[in-house]
Amino acid sequence: MGTRQRHIAHLHLHASLTEAQYADIIELMSNVTPHVQAVPPNAVQLDLTSALRYFDLSPYDMVQATMMRLKAHYGIDSSAGLAGNRMLAAMAADASAPGEATWVPADRAAEWLYPRPLTALPGIGRATATTLTRYGLHSIGQLADLPPATLQRLLGTAQARLLAERARGHDPRPVTPREPAAYLTAEQVLDQDCLDAAQHRRTVLGLTDRIGGRLRGERQVAGRVTLTVRYADRSSTTRTRALPEATDHSPALAATALGLLASLGLQRARVRAYVVRADDLRPAGTAYRQLSLDPGDARARAAEAAADRARRRFGPEAVRPAALVG
């Protein structure tokens, strides 16, 4: 029984992205296939093999639909490459103009690779290219046809084997989704010591708002919150509290963090830094939420979702809690 042919897409995003925008694009791509690998700072790779049957599209049409989705959601043009492995897909994307996609079918990989210049092959930098050119090698095809022993004398055994495999279009690396974080932290270090209780409160609110946004962006919920306060004398105090239920809702996180802050009794403390940590993380889809009869809760969550969308589009400072304004 033969091995199923893989279909890997590489999308180069023609935009300068913030960390939050990039994370949101990774999340959008996860709606196409769970096999998404970030290639910072502005590219992503997708293994579309299992998604093709679900969407009932050809590989090329699937890539086109994904590019259109990026354009519709974020106004971002992309160059795409589609091939049987990660290396070829990335090379095909590099050869594509913005808004275009290049497909390298498995049975045409050698034909597509051979005339390309040596420097187009990953792993060949300026020094290696100079060495190979000195011996009359200018294309990937010439490199692929060179006897292994000759290439080893020129470059050494390890590099020669690697480049020979790549020149023949081989790349066994799988698309590896990012592992979810074990915890999330947000920290604020002050320029000078703070004795103001209102400022303590505003800072903790701001940190929990950041944590909540990151949790929602990564589709995770937290079961526990930890607050650490560092003082002018370099000592610190840490308090931890389990949440009533795992959540990504910023007001719920803030209520717990502010409770921890109140328990510290900082009336005369000279505070220099605050750290909020959310852990006991789990996928949002596996968590339960106690149903509320309060319509205000539903409105708050709807407003929070709208604020997240605005931040992703206009930047992290586009929408802020009223308590943090000014």
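Residues numbered from 1 in each chain as written. Predicted model: local features only at pLDDT ≥ 70, side-chain atom pairs only at ≥ 80, totals over all residues. Heavy atoms only, no water.

Undergrad: Whenever I open this one, the overall build of the protein chain confuses me. Can you help?
TA: Of the regular secondary structure elements, the protein chain holds 12 helices and 10 strands. Taking all 326 residues of the protein chain together, 42% fall into the buried category. Across the protein chain, the fraction of contacts at a sequence separation of at least 24, relative to all contacts at a separation of at least 6, is 67%. A total of about 17900 Å² of accessible surface is found on the protein chain, and carbon and sulfur atoms cover 52% of it. (Helix = DSSP H or I, 4+ residues; strand = E, 2+ residues; numbered from the N terminus. Buried < 20%, exposed > 50% of the residue type's maximum accessible area, 1.4 Å probe, protein only. Contact = heavy atoms within 4.5 Å. Areas by Shrake-Rupley, 256 points an atom, 1.4 Å probe, with all protein chains shown as cover.)

Undergrad: What is the right way to read unusual backbone geometry from this model?
TA: Backbone geometry follows two general trends: most residues other than glycine have a negative phi, and most peptide bonds adopt the trans configuration. Between P40 and P41 the backbone carries a cis peptide bond, its omega angle lying at 5°. With respect to the helices and strands, the residue P41 is situated in the loop between β2 (36–39) and β3 (43–47). One non-glycine residue with positive phi stands out, namely R234, at about 75°. Relative to the elements of secondary structure, R234 occurs in the loop between β7 (220–231) and β8 (236–247). Given the relative accessible area of 81%, R234 is considered exposed.

Undergrad: Mind showing me how you'd approach helix α4 (residues 86–94) here?
TA: For α4, a buried count of eight out of nine residues is recorded, marking the element as mostly surrounded by other parts of the structure. R86, M87, L88, A89, A90, M91, A92 and A93 are the residues of α4 that are buried. Measuring from the backbone nitrogen of M87 back to the side-chain oxygen at the start of α4 gives 3.2 Å, which picks out N85 as the cap. (Polar contact = N/O pair within 3.5 Å; in protein donor to acceptor, adjacent residues only side chain to side chain.)

Undergrad: Looking at this structure, how should I read the pattern of salt bridges?
TA: Pairing between side chains of opposite charge can happen when their charged atoms approach one another. A complete count under the given rule lists 10 salt bridges for this structure. Linking E111 and R108 is a salt bridge whose minimum nitrogen-to-oxygen distance equals 3.8 Å. Among the salt bridges present, the one from R282 reaches D280, with a minimum N-O distance of 2.7 Å. By relative accessible area, which is 30% here, R282 ends up partly exposed. Taken together, the shared-partner salt bridges connect D193, R270 and R272 into one network. (Salt bridge = Lys/Arg side-chain N within 4 Å of Asp/Glu carboxyl O.)

Undergrad: I keep staring at the packing of helix α10 (residues 197–217) against helix α11 (residues 250–264) and nothing clicks. Help me out?
TA: For any two helices packed against each other, the geometry is given by the interaxial angle and the distance between the axes. Their axes nearest at 9 Å, the elements α10 and α11 cross at an angle of 145°. Note on packing geometry: the crossing formed by α10 with α11 is right-handed. Between α10, through H200, R201, V204, L205, T208, D209, I211, G212, G213, L215 and R216, and α11, the contact on the second element is made entirely by S250, L253, A254, A257, L258 and L261. Residues that form the contact of α10 with α11 fall into these classes: nine nonpolar, five polar and three charged. (Axes fitted to C-alpha atoms, helices over the stretch in contact; angles between N-to-C directions. Left-handed = near helix turned anticlockwise from the far one by under 90°. Nonpolar A, V, L, I, M, F, W, Y, C, P; charged D, E, K, R; others polar.)

Undergrad: I'm lost on the sheet that holds β3 in this one. Help?
TA: Pairing between the strands of a sheet is mediated by backbone hydrogen bonds and can be parallel or antiparallel. Strand order in this open sheet of five strands is β2-β3-β1-β4-β5, and the pairing throughout is mixed. The sheet is open, and its two borders are formed by β2 and β5 (101–103), each paired with just one other strand. Each strand of the sheet is rotated relative to its neighbour by a mean of 15°, with strand direction disregarded. Taken together, the five bridges between strand β1 (residues 8–13) and β3 define a ladder with antiparallel strand orientation. (Pairing = 2+ DSSP bridges.)

Undergrad: Is there a simple way to think about the pairing of β1 in this case?
TA: Within a regular beta strand, the side chains point alternately toward one face of the sheet and then the other, so they alternate between its two faces. Counting buried positions along β1 yields five of six residues, so the element is predominantly enclosed. As paired strands, β1 and strand β4 (residues 78–83) are joined by six bridges and run antiparallel to one another. Note that in β4 the partner of I8 across the bridge is A83.

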